[in-house]
Structure formats: structure tokens, C-alpha cells
Amino acid sequence: MGLAGFAGVAAAFGGRDRIYAPVEITRLRSLFVHASLALAVSLFAISLIAFDLDPSTSCYWPSAFGAFGQALAAGYFISRAYGFAADPNATTRWWAFGATVGFTGLSLLLFVASLAMGGRPGPLVSALSVQLLFGLWVFTRVLIHRN
């Protein structure tokens, strides 16, 4: 929640009439999507625990939700990162494409690992941590690179 809030403040400092480059819009979307997905999965798990469901069930369904959401997000943002890496006018390079693939792929893999283990919390918490670290990296890119 804090990550998305700080990104909103940073975007606002850019000015209301600021024209964002396509890569900047994609970075902001990525940041908000991954922060929102991490928050939604976390709140889903907490809600299931509050209904006195057993721990494995309380982690299994949020892991399934997270895997589905992360698969959609990874597909979208990896394709966008590829396009920007191939664009000589964008500041995104192939190493950033690799980092995007690595972060989003690792998060998806950890969500799936939690599912495969019957709802183990370790991979679920790790998947959420990777999402937040990816969001922090994207936030840094938003602040440092204009295009």
C-alpha cells in the first residue's frame, strides 16, 4: 500500500499536465498492478484465517488467486518490456527486460510452488516479497528514468 501511495505522490510531482512517455505509463501500471496484487492476496489470506480456516487452505486459495493474477500481469508486462527493450528511443534495455522476466517469473513460480505444496505459506510469502521488491525496483525506474 505504501509503495503504491509513494508512486502516486511521485507521479503527482510530475505535474498534472505532464505528458508521460509510454514506457513511464507502463512502469506506473506495473507498479500499481503488482502492489495491488500483493495487497489483494495478503488480504485474501488474512480473511480466510479470520474465518478459522486451516492454515493450508488459508494459503492455498490466495496462492491460486496470486498465480492467476501474476500469470496475467507477467504476460502483459513481459511483452511490454520486450517492446521497450527493442526500442532504441526508450531508456529500457535488455538487462531491464531480463529483470522483468526474472522478477515476474519468479513470483509466478513461487505462487505455483505454494499450490503444488498444498498451500504452504513459505512460497506464498516469498512470492509476495518478490512482487514488492519488483515494485520497488520499478518505482526507482519511475523516479530516475524519464523515458
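That block above? That's the structure.
For every chain, the first residue of its written sequence is number 1, and the numbers climb from 1 along that sequence. Residue-level local features of this predicted model are given only where pLDDT is at least 70; pairs of side-chain atoms are given and counted only at 80 or more, and the full residue set underlies all totals for whole chains, interfaces and linings. The basis for every side-chain value is the complete set of heavy atoms in the structure, and neither hydrogens nor water enter the calculation.

1. Focus on the overall build of the chain
A count of helical and extended segments in the chain gives five helices and zero strands. Every one of the 147 residues in the chain was classed for burial, and the buried ones make up 39%. In the chain, the share of contacts with a sequence separation of at least 24, taken over all contacts with a separation of at least 6, comes to 71%. Note on areas: these come from Shrake-Rupley sampling with a 1.4 Å probe, and a residue is covered only by the protein chains present in the view. For the chain, the exposed area adds up to about 7,900 Å²; of that, 73% sits on carbon and sulfur atoms. Under the scheme used here, helices are H or I runs from DSSP no shorter than 4 residues and strands are E runs no shorter than 2 residues, and both carry numbers assigned from the N terminus. Relative accessibility thresholds used throughout: buried, under 20% of the residue-type maximum; exposed, over 50%; partly exposed, between the two (1.4 Å probe, protein chains only). We call two residues contacting when some pair of their heavy atoms lies within 4.5 Å.

2. Quick notes on helix H5 (residues 121-144)
The terminal C-alpha atoms of H5, which comprises 24 residues, lie 35 Å apart, in line with the 34 Å expected from a rise of 1.5 Å per residue. Taken as a whole, H5 has its buried residues at Pro 123, Leu 124, Ala 127, Leu 128, Val 130, Gln 131, Phe 134, Gly 135, Val 138, Phe 139, Arg 141 and Val 142. Helices are assigned an expected span. That span is 1.5 Å times one less than the residue count.

3. Describing helix H2 (residues 22-50)
Taking 1.5 Å per residue as the helical rise, H2 with its 29 residues ought to reach 42 Å, and the 41 Å between its terminal C-alpha atoms agrees with that figure. Among the residues trailing H2, Asp 52 stands out with phi positive, at a value near 60 degrees.

4. Focus on the environment of Asp 87
Note on placement: Asp 87 falls in the loop between helix H3 (55-86) and helix H4 (94-116). Among the residues examined, Asp 87 registers a relative accessible area of 28% and is labelled partly exposed.

5. Brief notes about unusual backbone geometry
Although it is not a glycine, Asp 52 sits at a positive phi angle of roughly 60 degrees. Structurally, Asp 52 is set in the loop between H2 and H3.

6. Quick word on the packing of aromatic side chains
Aromatic ring pairs are defined here through the distance separating the ring centres and the angle between the ring planes. Here a pair means two rings of Phe, Tyr or Trp (six-membered ring of Trp) with centres within 6.5 Å. Their orientation is stacked below 30 degrees between planes, edge-to-face above 60, and tilted elsewhere. Taken as a whole, this structure holds ten aromatic pairs when the rule is applied. Measuring from ring centre to ring centre gives 6.1 Å for Trp 95 and Trp 137, while their planes differ by 70 degrees; the resulting arrangement is edge-to-face. Pair noted here: Trp 95 is in helix H4 and Trp 137 is in helix H5, with a separation of 42 residues, a long-range link. An aromatic cluster is defined as three or more aromatic residues linked by ring pairs; in this entry it consists of Trp 95, Phe 103, Phe 134 and Trp 137.

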